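Here's the letter readout for the chains.
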Amino acid sequence: MYHSVIAGIGHYLPDNIVTNSDLEKLMDTTSDWIVERTGIEERRHVVKGSGDSPSTMGTKASRIAIEKAGLTPDDIDFIIFATLSPDYYFPGPGVMVQDQLGIKEIGALDIRNQCSGFVYSLSVADQFIKSGMYQNILVIGSELHSGGLDMSTKGRNVSVIFGDGAGAVVIQRTEKEAVGILSTHLHSEGKYAEELALIGPNTGRWVPEIIANANSEDLSYYPYMNGNFVFKHAVTRFSEVIIEALQANNFQPSEIDLLIPHQANLRISQFIQKKMGLGEHQVFNNIMKYGNTTAASIPIALSEAFDQGKVKSGDLVCLAAFGSGFTWASALLKWQ
Ligand code: UT7
């Protein structure tokens, strides 16, 4: 039986740092409010014209992941790209990465599961590996939020949170037992689809209609989030899906070496940590530096944790995410 291991990880962040004080100049907010409610001190925003896009950032992260896996782009036999901010409405950025990496005509798949997109993508990759179909799958999470945020006071509850960046992993086939991805757990609850969503443009409002009624006050082109509602669901679902992963593999929370929660809000991570009785050293957070990078947040955090020596051979690593959809998911890994 085949199993999936993470053979290489990489991340890329645009250089441009946007501090809370920078945001104070654009909208009615304070650094104290942002830090107190979210833990975020700064985030990265792509500078328009820099050449950074979801696909190019994903490609930069991928090159690092592929190199760290000891491979070349030609060794990759499938691409999975998770994002809610694709370069174009269509086609998705997976094919652009295939082109930018100069890889032969392999398959490329785009995943639209927002904050849980990376964990969903890992799960898809794991099934392809287990079935024997592929040997080295590139899984990418990349987001360029900054260009689509309402940076006025009207959008402040959303725009102070989100940042840009990309992370990537190479998922590789192994025949070793009890290593790599032990299990993945996926959930959704579509009745809350509009509690965290970007509604416009959509197929119910046709392009000629939109053009004829062009209206700069139309907020449907910005992300909407019912913050309190999302927060309450997040803390419940995160805990549930982490426990589900542990129970499926007969582990206790105390046995987790590192939990990497999707970086939605530092208060959410702290709430989960407390609820599950985990110590500081068992939970990795970097939202303070990068904000919420949606599908990119887990691979960026995993990459940083690995670079800092916080993920070692034999470690039990849990990845968990919750977000728009609502969708939520977890993956439990035994580091190879
Ligand atoms: O990654 C996907 C999943 N996302 C999440 O899990 C995020 C979940 N939600 C949250 O993280 C929090 O709900 C937020 C950080 C978005 C908001 O924090 P909150 O404590 O829920 O604030 P709130 O929306 O209840 O707003 C409290 C007050 C309001 O003012 P009034 O009505 O009490 O006068 C807001 O207008 O804070 C105001 N406010 C702000 N003030 C300064 C909202 N945003 C800001 C801001 N700066 N940026």
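Residues numbered from 1 in each chain as written. Predicted model: local features only at pLDDT ≥ 70, side-chain atom pairs only at ≥ 80, totals over all residues. Heavy atoms only, no water.

A. Layout of the side chain of Asn113. Tracing the chain through its elements places Asn113 in the loop between strand S5 (107-111) and helix H5 (117-131). Ignoring any residue separated from it by four or fewer positions in sequence, one finds Asn113 in contact with Tyr120, Ser324 and Thr327. (Helix = DSSP H or I, 4+ residues; strand = E, 2+ residues; numbered from the N terminus. Contact = heavy atoms within 4.5 Å.)

B. Examining the site of the ligand more closely. With respect to spatial proximity, 21 residues lie near the ligand, and among them Thr29, Arg37, Asn228, Asn265 and Asn292 are the closest. Here Thr29 contributes a side-chain N or O atom positioned 2.6 Å from a nitrogen atom of the ligand. Asn228 has a polar side-chain atom sitting 2.9 Å from an oxygen atom of the ligand. Look at the ligand: alone it shows 950 Å² of surface, and the protein chains cover 73% of it. The set of elements that each furnish at least two residues to the shell around the ligand consists of helix H2 (31-38), helix H6 (156-159) and helix H8 (227-248). In terms of residue count, the dominant contributor to the shell around the ligand is H8 (four residues). Counted by class, the shell around the ligand contains 11 nonpolar, eight polar and two charged residues. In this structure, the shell around the ligand is formed jointly by two domains, domain 1 (3-177) and domain 2 (181-334), each of which donates at least three residues. (Near = heavy atom within 4 Å. Polar contact = N/O pair within 3.5 Å; in protein donor to acceptor, adjacent residues only side chain to side chain. Areas by Shrake-Rupley, 256 points an atom, 1.4 Å probe, with all protein chains shown as cover. Nonpolar A, V, L, I, M, F, W, Y, C, P; charged D, E, K, R; others polar. Domains from an automatic or database assignment.)

C. Molecular detail of the pairing of strand S4 (residues 78-82). Of all the five residues making up S4, five are buried; the element is thus mostly covered by neighbouring parts of the structure. Where burial is concerned, the two faces of S4 agree: the one with Phe78, Ile80 and Ala82 and the one with Ile79 and Phe81 are both buried. Bridging between S4 and S5 involves five bridges; their strand directions are parallel. Within S5, the residue paired with Ile80 across the bridge is Leu109. Remark: the S4/helix H4 (residues 94-100)/S5 crossover connection has right-handed handedness. The pairing of S4 with strand S6 (residues 136-143) spans five bridges and is classified as parallel. The residue bridging Phe81 from the neighbouring strand is Ile140, located in S6. (Buried < 20%, exposed > 50% of the residue type's maximum accessible area, 1.4 Å probe, protein only. Pairing = 2+ DSSP bridges. Right-handed = clockwise from strand over helix to strand, strands pointing away.)

D. Main features of the pairing of strand S12 (residues 316-323). Among the eight residues that make up S12, eight are buried, leaving the element largely enclosed by the rest of the structure. With burial as the criterion, each face of S12 is covered, one bearing Leu316, Cys318, Ala320 and Phe322 and the other bearing Val317, Leu319, Ala321 and Gly323. By the bridge criterion, four bridges tie strand S11 (residues 258-261) to S12 in an arrangement that is parallel. Residue Ile260 lies in a different strand from S12, and its bridge partner there is Leu319. As consecutive antiparallel partners, S12 and strand S13 (residues 327-334) are separated by three residues, and within that stretch Gly325 has a phi angle of approximately 145°, a positive value.

E. Region of interest: H5. Here H5 is 15 residues long and its end C-alpha atoms lie 21 Å apart, about the 21 Å a rise of 1.5 Å per residue gives. Burial in H5 covers these residues: Gly117, Phe118, Val119, Tyr120, Ser121, Leu122, Ser123, Ala125, Asp126 and Ile129. Of the residues trailing H5, Gly132 is marked for its positive phi of about 90°. (Expected span 1.5 Å × (residues − 1).)

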